[in-house]
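Coordinate inspection notes
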Amino acid sequence: MDGPIVVRRAAAVVLAATVCGALSTLGPGPPRVHLAVAAGTAPEHGHGRAGTGGRRAPAPAPAAPRVDCLRAKCVALTFDDGPAESTGRLLDILAAHHVRATFFIVGQQAAKFPDLVRREHEAGHEVADHSYTHADLGRAPTKKILSELNRTQEAIRRASGVAPTILRPPYGSLSKRLTAITKRMGLAQVLWTVDPLDWEHRNTKYVEERVLKAVKPGYIVLMHDIHPTTVEAIPAIIEKLAAEGYSFVTVPQLFGGALTPGKEYVRLDSGDRQGLP
């Protein structure tokens, strides 16, 4: 009896395979596979307004317009501590005015809002390191510094496809230890020239007036995209500075390209020619 049973089972398997094969020609085919941003890693799910992170590889950033900041009136607008919900609104404003900025990103925020980091990069803004937890790197031991910087580098790379080459130490806190580490890691240290204290004064008009009063050619402006009151000051700041002949550049553009790892940058001070036609 085993012989006929085996034959019948074999026939049933062949028939099932034939039917499934025929049906597969009518269906939509195999599901699409979404590649993770970083090789060998699973996609991260963010909560940015652009949707779920890790669904596609980031596009290359568009080429930056050439500006000679040794002669032009240049200013670098920089934003710390994001991304946050209000960053999306800021990106819309910058796009509408064709302005590029520099974003000093907190690593844990990059992990939370990877789509916004991707938007920053793809719009041609500079994405930069601001530690993972907004730690005081100047007072931190070596192990802590390395953890803060490496985790942020990886979070930004996963989101944008690029690793930052500049760092703004939180609180502007510096040390010989930090300088040595950033030099080895290929990170220049960027501080600022103008601070409107927007974290303390959550007043749009106050921030606008403080920035406009303090800006000079070659200066770096520190602001925070995590504060909606600051974001709402940006259109007026851009329009009024543009009317004075300012060009808006990223920090690397301000200094003519790649910055020196470990070196501290506060402003471009090029002498009498700066800001002249």
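Please refer to the structure placed before this passage.
Let us look at the structure shown here. Values in this document were obtained by computation on a predicted structure and should not be read as measured data. (Residues numbered from 1 in each chain as written. Predicted model: local features only at pLDDT ≥ 70, side-chain atom pairs only at ≥ 80, totals over all residues. Heavy atoms only, no water.)

**Looking at helix 6 (residues 176–185)**
All of the buried residues in helix 6 are Leu178, Ile181 and Thr182. Buried residues of helix 6 fall within an arc of 95 degrees about the axis and therefore sit on the same side. Of the exposed residues in helix 6, the ones pointing more than 90 degrees away from its buried face are Lys176, Lys183 and Arg184. Where helix 6 is buried, its residues touch helix 5 (142–160), strand 4 (166–167) and strand 5 (188–190). Immediately beyond the C-terminal end of helix 6, within one or two residues, lies Gly186, with a positive phi of roughly 80 degrees. (Buried < 20%, exposed > 50% of the residue type's maximum accessible area, 1.4 Å probe, protein only. Helix = DSSP H or I, 4+ residues; strand = E, 2+ residues; numbered from the N terminus. Arc of directions from axis to C-beta. Contact = heavy atoms within 4.5 Å.)

**A few points about the state of the cysteines**
This structure, assessed with the given rule, holds one disulfide. At a sulfur-sulfur separation of 2.2 Å, the disulfide partner of Cys69 is Cys74. Negative torsions about the S-S bond denote left-handed disulfides, and the value of about -85 degrees found for Cys69 with Cys74 makes this one left-handed. Taking the relative accessible area as the measure of exposure, Cys74 reaches 1% and is therefore buried. (Disulfide = S-S within 2.5 Å.)

**Regarding the packing of helix 7 (residues 204–214) against helix 9 (residues 234–243)**
Where helix 7 meets helix 9, the axes come as close as 9 Å, and the angle between the chain directions of the two elements is 25 degrees. Put simply, helix 7 runs roughly parallel to helix 9. Relative to helix 9, the crossing made by helix 7 is right-handed. Contacts between helix 7 and helix 9 involve Lys205, Val207, Glu208, Val211 and Leu212 from the former and Ala236, Ile237, Lys240 and Leu241 from the latter. Tallied by class, the residues present in the contact of helix 7 with helix 9 amount to six nonpolar, no polar and three charged. (Axes fitted to C-alpha atoms, helices over the stretch in contact; angles between N-to-C directions. Parallel < 35°, antiparallel > 145°, perpendicular 65-115°, else oblique. Left-handed = near helix turned anticlockwise from the far one by under 90°. Nonpolar A, V, L, I, M, F, W, Y, C, P; charged D, E, K, R; others polar.)

**Regarding the packing of aromatic side chains**
Enumeration over the complete set of coordinates arrives at two aromatic pairs. Arg151 extends its terminal NZ or CZ atom over the ring of Tyr132, reaching a point 3.9 Å from the ring centre. (Phe/Tyr/Trp six-rings, centres within 6.5 Å; stacked < 30°, edge-to-face > 60°. Lys NZ or Arg CZ within 6 Å of the ring centre and 35° of its normal.)

**Some remarks on the nonpolar core**
Grouped together as the largest cluster of nonpolar side chains are 35 residues, with contacts concentrated most on Leu77, Met223 and Ile234. Once you skip the residues sitting within four places of it in the chain, Ile234 turns out to touch Phe79, Leu90, Ile93, Leu94 and Met223. Of all hydrophobic cores here, the second largest spans 16 residues; its members include Cys74, Ile166, Ile220 and Leu259. (Core = buried A, V, L, I, M, F, W, Y, C linked by side-chain atoms within 4.5 Å.)

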